[in-house]
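Fold and geometry: a report
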Amino acid sequence: PEDIADALYKAMKGFGTDEAAVYQNLAQVGSQDAWFSVQDAFRASHGDFSGGDVVAALKDDMSKKEMRRCEEILQGNGIDMYAVRPSSVVEVPESALSVAEARQTPLA
C-alpha cells in the first residue's frame, strides 16, 4: 500500500499529472481493505497534499472523464473508491450499562 500511495503522489505532484501511472497503480489495488490501506498510507506520508486525502487529490488533478476511468479500474477489482472504512465495533463494558440503567430508574 505504501508503494502505491507514493507512486500516486509522484504521478500527481508538480505540473501535470501522469495519468498512465495513476491508472497503472490503481489497477494494483486488489481489495477494498487494500484501498483503505493505500488511503491510510497516503494520509500518513503525504498529509500536506490535498489534506492527505488520495481521493481528493485525484479529483483535484484529474478531469471528470479521467476520474470515471479511475473509478472503473477500482470497480473492476471490486473496490468502491468512495467507501468509508467501517468503524470498529466498540464494546461497552457491562458496568457502564449498569450505570446507564440506574440513571433511568425512577427514584421512589
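Residues numbered from 1 in each chain as written. Predicted model: local features only at pLDDT ≥ 70, side-chain atom pairs only at ≥ 80, totals over all residues. Heavy atoms only, no water.

So, on to the packing of helix H2 (residues 19-27) against helix H5 (residues 64-76). The contact between H2 and H5 brings their axes to 9 Å, and the two run at 20°. In terms of their interaxial angle, H2 and H5 are classed as roughly parallel. Two packed elements cross with a definite hand, and for H2 against H5 that hand is right-handed. Each of Glu 19, Val 22, Tyr 23, Leu 26 and Ala 27 in H2 lies in contact with H5, whose residues at this interface are Glu 66, Arg 69, Cys 70, Ile 73 and Leu 74. The class makeup of the residues in the contact of H2 with H5 is seven nonpolar, no polar and three charged. (Axes fitted to C-alpha atoms, helices over the stretch in contact; angles between N-to-C directions. Helix = DSSP H or I, 4+ residues; strand = E, 2+ residues; numbered from the N terminus. Parallel < 35°, antiparallel > 145°, perpendicular 65-115°, else oblique. Left-handed = near helix turned anticlockwise from the far one by under 90°. Contact = heavy atoms within 4.5 Å. Nonpolar A, V, L, I, M, F, W, Y, C, P; charged D, E, K, R; others polar.)

Within the largest apolar cluster, 26 residues are counted, with the highest numbers of intra-cluster contacts made by Val 22 and Trp 35. Secondary-structure elements contributing two or more residues to this core are helix H1 (2-12), H2, helix H3 (32-45), helix H4 (54-61) and H5. It is H1 that provides the largest number of residues to this core, a total of six residues. Residues contacting Val 22, with those up to four places away along its chain left out, are Leu 8, Ala 11, Met 12, Thr 17, Leu 58, Met 62 and Cys 70. (Core = buried A, V, L, I, M, F, W, Y, C linked by side-chain atoms within 4.5 Å. Buried < 20%, exposed > 50% of the residue type's maximum accessible area, 1.4 Å probe, protein only.)

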